Amino acid sequence: MLGEYLERNPRKVPIIVGQHGKPQLDETISPRGLQFNLTHSHSVALLAVTVGQTVGIDVEDIASFSNPDVSTLAEGVLSKREVEAIMALERESRIRSFLRCWTRKEALLKAVGVGLLAKLDEFKVPMDDLERWSVQWRPDRRSDASTFQMADLSDDDYSAAVAAPMISGPVHLFDLHHLGLTDISVGEPQMRRSASEFVPL
């Protein structure tokens, strides 16, 4: 897909590793400032593409978390208030709520570009069943806060979210199985990813 945007052979799209290990396009071959982020969980892969702004995306397959100890999973990655809110829910709702919160935090950190170098329990995201929302990101107490917009991409089988400084239009999901696209190559050495969804902002 990146090759199509850049109008060049996908095998010749140079991917470099940016600060904190985030894969990105070499600026010399992306004059429009094309940026992307990739995530996968079991059979689902999501690719987010933006122009002129950073982007982060995350997905988790819900079925892979069968009968988990949600309290143990949540402690250390969610704030105390978030853990309490999740544990107050009915048992069958806890894992979905936890994954909703987890993927939203992961997507935001990927957009910021720090990944898991930041502590997930030191900032909050909305836990409500929302389609769109804005969050404030402050890397430390001395820095000014930055606003990021987020969108929920979840369905019955997986929890997912995308984050960018601005999401001005609708977020579209495209199933690429009918195109015969089964792999995406990222970086060197190659990392193979099953590609089932594509998300442009």
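This is a predicted model, so every value here is computed, not measured.

> Help me get a handle on the packing of helix H3 (residues 80–87) against helix H4 (residues 91–112), residues and values and all.
Packed helix pairs are characterised by how far apart their axes lie and by the angle those axes make with each other. Where H3 meets H4, the axes come as close as 9 Å, and the angle between the chain directions of the two elements is 150°. On the basis of the axis angle, H3 is roughly antiparallel to H4. The residues of H4 that touch H3, namely those facing Glu 82, Ile 86 and Met 87, are Arg 94, Ser 97, Phe 98, Cys 101 and Lys 105. Of the residues assigned to the contact of H3 with H4, the class counts are four nonpolar, one polar and three charged.

> Outline the environment of Arg 94, listing residues and values.
Along the polypeptide, Arg 94 turns up in helix H4. For Arg 94, a relative accessible area of 18% puts it in the buried group. Apart from the residues within four sequence positions on either side, Arg 94 is in contact with Val 70, Ile 86, Met 87 and Leu 89.

> Quick one: what's the story with the pairing of strand S4 (residues 44–51), residue by residue and with numbers?
With respect to burial, S4 is a largely interior element, seven of its eight residues being buried. In sequence, strand S3 (residues 34–41) turns back onto S4 through a hairpin of two residues, with His 42 there showing a positive phi of about 55°.

> Mind laying out the environment of Cys 101, listing which residues take part and the relevant values?
Structurally, Cys 101 is set in helix H4. Judged by relative accessible area, Cys 101 falls into the buried class, the value being 0%. As a C-alpha pair, Cys 101 and Ala 74 span 27 residues in sequence and 9.6 Å in three-dimensional space. Excluding residues that lie within four positions of it along the chain, Cys 101 makes contacts with Leu 78, Glu 82, Val 125 and Met 127.

Conventions and cut-offs
Residues numbered from 1 in each chain as written. Predicted model: local features only at pLDDT ≥ 70, side-chain atom pairs only at ≥ 80, totals over all residues. Heavy atoms only, no water. Axes fitted to C-alpha atoms, helices over the stretch in contact; angles between N-to-C directions. Helix = DSSP H or I, 4+ residues; strand = E, 2+ residues; numbered from the N terminus. Parallel < 35°, antiparallel > 145°, perpendicular 65-115°, else oblique. Contact = heavy atoms within 4.5 Å. Nonpolar A, V, L, I, M, F, W, Y, C, P; charged D, E, K, R; others polar. Buried < 20%, exposed > 50% of the residue type's maximum accessible area, 1.4 Å probe, protein only. Pairing = 2+ DSSP bridges.

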